Amino acid sequence: MSLRRIPTLGTETAAALIGTVFSAMLLVLTAMNAGPLWRDETNTFNLAHMPSLRDLWNNLPFDSCPLLWLFVLRGCGMLGLTNHDIGIRILGLLVGLFFLASLWLCQHSIGGRAPTLSIALLGGLPAFIFIVGANRAYGLASCLLVLSFGTIWRILDSPTTSRILSAGFICLLFTQCLYYDVVFLGAMLAAGALVAIRRRHWKILWTMAGIGLVAGASLLIYLPTFHRLPEYLPFWRSPFFRAATIWNGLGDVLAARSSASNAAANSPQVWIWVGFLLAGIIVAVVMQRTGARQTSKGKVTSNSAAPERTDTALFCVASVVLGILGYFGYLLKLQFFMQPWYYVEILILCAISLDGILSAGWPEFRPWGLTRISFLALMMTLNAAPAWVEAHTRRSNVDVVAAFLSHNARAGDLIVMQDAWEGITFNRYYRGQAQWLTVPPIDSHDVHRIDLVMPEMNQPEAMTPVLHAITNTLASGNHVWVVGSIPMARWKDAPPGPTPLPPLPSEMPTRWWGGSYLIWWNQQVTTLLLDHAQEGETETIAAPGPVNHFENVSVARFTGYRPGTE
């Protein structure tokens, strides 16, 4: 049998369908095993279900997304669909399945066979499985990015009124998912404008500009929110940020490991992505040169599909190059600690662009179809084991800890949460009678109230209420329960006695970064307990299955009081 007969159109489609079904199965398992909401998901849920829209609007700066996903959650809650964790997991599953369907719709829109490369690159990636179905705006934003890509190309293919209106509406929704989506939309519209300019279709050029103007103008309603953001940015910015931080974060998100693991992983995936991206850019550039040479020599007839494929490659390569430059410039400006969810959309844009370039490149070259199928099998094999673990990973164990403390901590005991953000999750699941406080002690535990934490950083004795509560609880013969993931150990070479008060942010080497104060405040708690508690032990609380490392807490119990001599 000839090699060029093996990967027929039906064979590649069938392979892509198998990969899609495998990815869908992973998403179903994730919805079944994800369990409780972790702090970021709880933050989004609480924000969406504020008592009034005015309250929602006033607290919008304490989340990272505009209104669209919050309104989806609020609407589903009004219908009784997301009032419990399982309902939210089902909603996330539907978003994930819709994303897989959108990949097929996008390939159909740009004239491809099947989203083979997209499924290969994304379908089994543990970070994708973790993020796309989470109770955050990233999943819906991913769906709308893919649909925006396809609908913008459909305007270039045939600018009918219905296509223009549908693309404009989808692009408008897209910008309402995440604030930085305007960067990706701008890249795709600019790529569409380049194709329109080459074709001398000036009406399409103005259509691209109009869609971008309307979508961008829709963000003007968030100007009050944007005005408040500079006040909070120093709290989140990494004092250790370097340009290489972005590359290291990319390597982490592409590493073949589940969110239950926080260990460094050496993975070939990052180089596979880089290699494919470079190959796609080279192919697209070669196609432009070849297409221009054929046109200048008059070799392309009006019925030839070559100009269409050349324009598809131009649209795809311009989208991905402009998207990478714009988004990485945005990350350099932001200087945050790089998290996996920051990379999801740029990876999706790369995947669908590569699918468009390499499907448009050599449609008659049958061995290339076999290569795509082989690559799909390779990537699914590489990611199968960690993807399977990810699909069985709980998003948090705070619900299990909260149930344990509800049963074991009695009235008069004190529970200390080592992080105010973990207190958001604890507040959702704890039903006991014991008093609980967070580090630092703040009054609200519904959303990430940075406005309450930052003033505490300007108060050297911010932890005094917590330290007094610990002393009083131990002295009265009750238990102090410490919940969190920060080790209960003294700083290396720290002198005996209580930890000194932290300096003001203006005197701190890391300035306003919240992590330094969180560590310092918890060291104050630790030294007090180690110096004055008569007994301390770590409780064993087993969770059913692996737990997401972003919120995997432990519990330590301290009893008795030993007066100090200092």
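Above this text you will find the structure in question.
Residues numbered from 1 in each chain as written. Predicted model: local features only at pLDDT ≥ 70, side-chain atom pairs only at ≥ 80, totals over all residues. Heavy atoms only, no water.

Participant: If you had to explain the sheet that holds strand E5 (residues 554–559) to someone new, which residues and values would you point to?
Facilitator: Read from one edge of the open sheet, five strands run E2-E1-E3-E5-E4, paired in mixed fashion. The open sheet has two edge strands with one neighbour each: strand E2 (435–438) and strand E4 (535–539). Neighbour-to-neighbour, the strand axes of this sheet turn through a mean angle of 20°, independent of strand direction. In this structure, strand E1 (residues 414–417) lies alongside strand E3 (residues 480–484), joined through four bridges in parallel fashion. In the strand pairing of E3, isoleucine 415 is matched with tryptophan 481. Across the sheet, helix H18 (residues 398–408) touches E1, E3, E4 and E5, and the angle it forms with E3 is around 175°. Contacting E1, E2 and E3, helix H19 (residues 420–429) crosses the sheet at an angle of about 145° to E2. (Pairing = 2+ DSSP bridges. Helix = DSSP H or I, 4+ residues; strand = E, 2+ residues; numbered from the N terminus. Axes fitted to C-alpha atoms, helices over the stretch in contact; angles between N-to-C directions. Contact = heavy atoms within 4.5 Å.)

Participant: An account of unusual backbone geometry is needed here, citing residue identities and associated values.
Facilitator: Across the chain, the bulk of peptide bonds are trans and the bulk of non-glycine residues have phi less than zero. That bond from valine 439 to proline 440 is cis: its omega, -5°, falls within 30 degrees of zero. Of note, proline 440 is situated in the loop between E2 and helix H20 (450–457). The backbone of arginine 200 sits at a positive phi, close to 60°, despite the residue not being glycine. Among the secondary structure elements, arginine 200 is positioned in the loop between helix H10 (181–199) and helix H11 (202–217). For arginine 511, which is not a glycine, the phi torsion comes out positive at approximately 55°.

Participant: Requested: an account of the pairing of E2, with residues and values cited.
Facilitator: Alignment of E1 against E2, held across four bridges, turns out to be parallel. Its bridge partner lying in E2, valine 416 is registered against leucine 437. Traced from E1 through H19 to E2, the parallel crossover comes out right-handed. (Right-handed = clockwise from strand over helix to strand, strands pointing away.)

Participant: Can you lay out the pattern of salt bridges for me, pointing to particular residues and giving the numbers?
Facilitator: The tally for this structure, following the rule as stated, stands at 16 salt bridges. Between glutamate 12 and arginine 372 there is a salt bridge whose closest N-O contact spans 2.6 Å. You can see glutamate 12 sitting in helix H1 (residues 9–33) and its partner arginine 372 sitting in helix H17 (residues 366–391), a full 360 residues away along the chain. Among the residues examined, glutamate 12 registers a relative accessible area of 1% and is labelled buried. Residue classification places arginine 372 among the buried residues on the basis of a relative accessible area of 3%. Across the pair aspartate 311 and arginine 199 runs a salt bridge, and its minimum N-O distance is 2.7 Å. One end of the pair, aspartate 311, is in helix H15 (residues 306–334); the other, arginine 199, is in helix H10, with 112 residues separating them in the sequence. Within this structure, Arg198, Arg199 and Asp311 form a network of salt bridges that share partners. (Salt bridge = Lys/Arg side-chain N within 4 Å of Asp/Glu carboxyl O. Buried < 20%, exposed > 50% of the residue type's maximum accessible area, 1.4 Å probe, protein only.)

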